[in-house]
Amino acid sequence: MPARRNKTADDITSEVLRRFAETPEPRLRQIMLGLIKHLHAFVKEVELTEAEWFQAIETLTEAGRMCSDKRQEFILFSDTLGVSMVVDLISHRKPDGATESTVFGPFHRLGAPKLPAGGNIAHLDKTGTPTLVSGRVLDLDGKPIKGAVLDVWQAQSSGLYDSQDASLDGLHMRGKFHTDAEGRYLVRTVRPVNYPIPSDGPVGRMLRATGRHPWRPAHIHFVVSADGYEPVTTHIFDRTDEYLGSDAVFAVKDSLICDFVRHDSGDNAFGDEPARLGIDPPFLTAEFDFHLKPGSERGTTVLDAQQRLAALGAAG
Ligand SMILES: [Fe+2]
């Protein structure tokens, strides 16, 4: 008599693991075996019913249908489940002193315009408080990095990114800035505001069903890169924001919290810079230095991934 096959749930798990154990590429083998082990354990632990399993498949199908070159529901799932931040931590273990990274998020767009120091990324935003963000890009010894690129993006004062705003056609609140010989950069924008992540899809339903809010604390996104250094994908956060302790995507790190200082007269640490740029009080200033860790290997960056995702979305 041949042995009976697949008698128990554990028998099935063992058989599936045996099948994947033949995977030739070692890293893929490790990932697949880990995935099967944990996925099966999860299904067994919660005793997933057929109806719940179908619901999960419907949810993922709907998430896929919502994706386009302007909307990435899977990144939102990854972010709101905290997975993006865990992957980010594993991928970017920084030595002491390097600027910490945080989630890339779903709102980066390719093709941001190159702007000079002091260039205004918020030129169409008429309601936000003018804000100057400045600082330096430095190496781990504090030496200035000339010609570093800061790819900056931010929500408008309405709380919407350009891609979510039907009244906008092109790019807005985006720019690429270069550091000068002292490693300095200067970005003109408006005060960042807190905003809810898109909640009109399956991610929003999950948040509501689990009693979570969709809000993110006010922040500005940066990817800072320079030849010979590892790029950092990060945000700076407004220290006064009420959602710093409950960011819907778990992205806040203490080292990324920054003071946005209000000026009601022209007298401030920026000297005559605001006047030169035609900015009247009240306005805000924020200062933040980025520290890059050396590394010549480029590898696959989040921007490469973004390019591929955008191509998928545009094709859909
Ligand atoms: Fe954001």
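Notes on the structure in this doc start here. Since the structure is predicted, the reported quantities are computational estimates derived from the model, not experimental observations.

Examining empty space enclosed by the protein
Applying the stated criterion across every chain, the model contains two cavities of 30 Å³ or more. The volume enclosed by the second largest cavity comes to roughly 60 Å³. Lining the second largest cavity are Leu76, Asp79, Val103, Gly105, Pro106, Phe107, Tyr195, Ile197, Arg216, His221, His235 and Val249. Within the lining of the second largest cavity, the residues separate by chemical class into seven nonpolar, three polar and two charged.

Comments concerning the coordination of the iron ion
For the iron ion, the full set of protein donor atoms is Tyr161 (OH), Tyr195 (OH), His219 (NE2) and His221 (NE2), at a range of 2.0 to 2.1 Å. For the iron ion, the four donor atoms in the first shell make angles of 91 to 161 degrees at the metal, a pattern classed as irregular. In the primary sequence, the donor residues of the iron ion line up as Y-x33-Y-x23-H-x1-H. On the criterion of sequence distance, the pair formed by tyrosine 195 in strand β5 (residues 195-196) and histidine 221 in strand β7 (residues 219-225) is long-range, its members being 26 residues apart. Residue tyrosine 195 is classed as buried on the basis of its relative accessible area, which comes to 2%. Residue classification places histidine 221 among the buried residues on the basis of a relative accessible area of 3%.

Some details on the pattern of salt bridges
Applying the stated criterion to the full structure yields 15 salt bridges. Between aspartate 247 and arginine 216 there is a salt bridge whose closest N-O contact spans 2.8 Å. Residue aspartate 247 is located in the loop between β8 (232-238) and β9 (257-258), and its partner arginine 216 is located in strand β6 (residues 215-216); the two are separated by 31 residues in the primary sequence. Across the pair, exposure class does not vary: aspartate 247 and arginine 216 are buried alike. Put simply, glutamate 230 and lysine 293 hold a salt bridge, and the shortest N to O gap is 3.7 Å. Of this pair, glutamate 230 sits in the loop between β7 and β8 while lysine 293 sits in the loop between β12 (290-292) and α8 (302-315); the two residues are 63 residues apart in sequence, bridging distant segments of the chain. Here the salt bridges share partners, and the residues they tie into one network are Glu15, Arg18 and Arg19.

So, the layout of surface pockets
By volume, the second largest pocket amounts to about 330 Å³. Lining the second largest pocket we find Gln55, Ala56, Glu58, Thr59, Leu60, Glu62, Phe77, Pro202, Arg205 and Met206. Among the elements of the structure, α3 (50-66) and α6 (202-209) are those that each provide at least two residues to the lining of the second largest pocket. With six residues, the single largest contributor to the lining of the second largest pocket is α3.

Structural notes on unusual backbone geometry
The bulk of non-glycine residues show a negative phi, and the bulk of peptide bonds are trans. Proline 282 follows proline 281 through a cis peptide bond whose omega is 0 degrees. Although it is not a glycine, glutamate 47 adopts a positive phi angle of roughly 50 degrees. Along the chain, glutamate 47 turns up in the loop between α2 (26-46) and α3. Unlike most non-glycine residues, phenylalanine 250 shows phi in positive territory, near 65 degrees. Of note, phenylalanine 250 is situated in the loop between β8 and β9. Relative accessible area serves as the criterion here: at 43%, phenylalanine 250 is assigned to the partly exposed category.

The rules behind each value
Residue indices follow the written sequence of each chain, beginning from 1 at its first position. Whole-chain, interface and lining totals are the exception, using all residues; otherwise, since this is a predicted model, local features are given only for residues with pLDDT of at least 70 and side-chain atom pairs are given and counted only at 80 or more. No hydrogens and no water enter the side-chain calculation; it runs on all heavy atoms of the structure. For each structure, a 1 Å grid was placed over the protein atoms alone; sets of points admitting a 1.4 Å probe that cannot get out are labelled cavities, open sets with protein on both sides within 12 Å along at least five of seven lines are labelled pockets, and lining residues have an atom within 4 Å of a point. Grid points are joined across faces, edges and corners, and a volume is the space filled by probe spheres set on the points. Note that Gly is not counted as nonpolar here; it falls among the polar residues with everything else outside the nonpolar set of Ala, Val, Leu, Ile, Met, Phe, Trp, Tyr, Cys and Pro and the charged set of Asp, Glu, Lys and Arg. Shown as donors are all N, O and S atoms within 2.8 Å of a metal ion, widened to 3.2 Å for Na, K and Ca; because water is not in the atom set, sites may appear incomplete. Under this scheme a four-donor centre is tetrahedral when all angles range from 85 to 135 degrees, a four-donor centre is square planar and a six-donor centre octahedral when opposite donors are above 155 degrees with the rest from 65 to 115, and any other centre is irregular. Counting from the N terminus, the helices are DSSP H or I runs at least four residues long and the strands are E runs at least two residues long. Partly exposed residues are those whose accessible area sits between 20% and 50% of the maximum for their type, while under 20% is buried and over 50% is exposed, using a 1.4 Å probe and protein chains only. By definition here, a salt bridge exists when the distance from a side-chain nitrogen of Lys or Arg to a carboxyl oxygen of Asp or Glu is within 4 Å.

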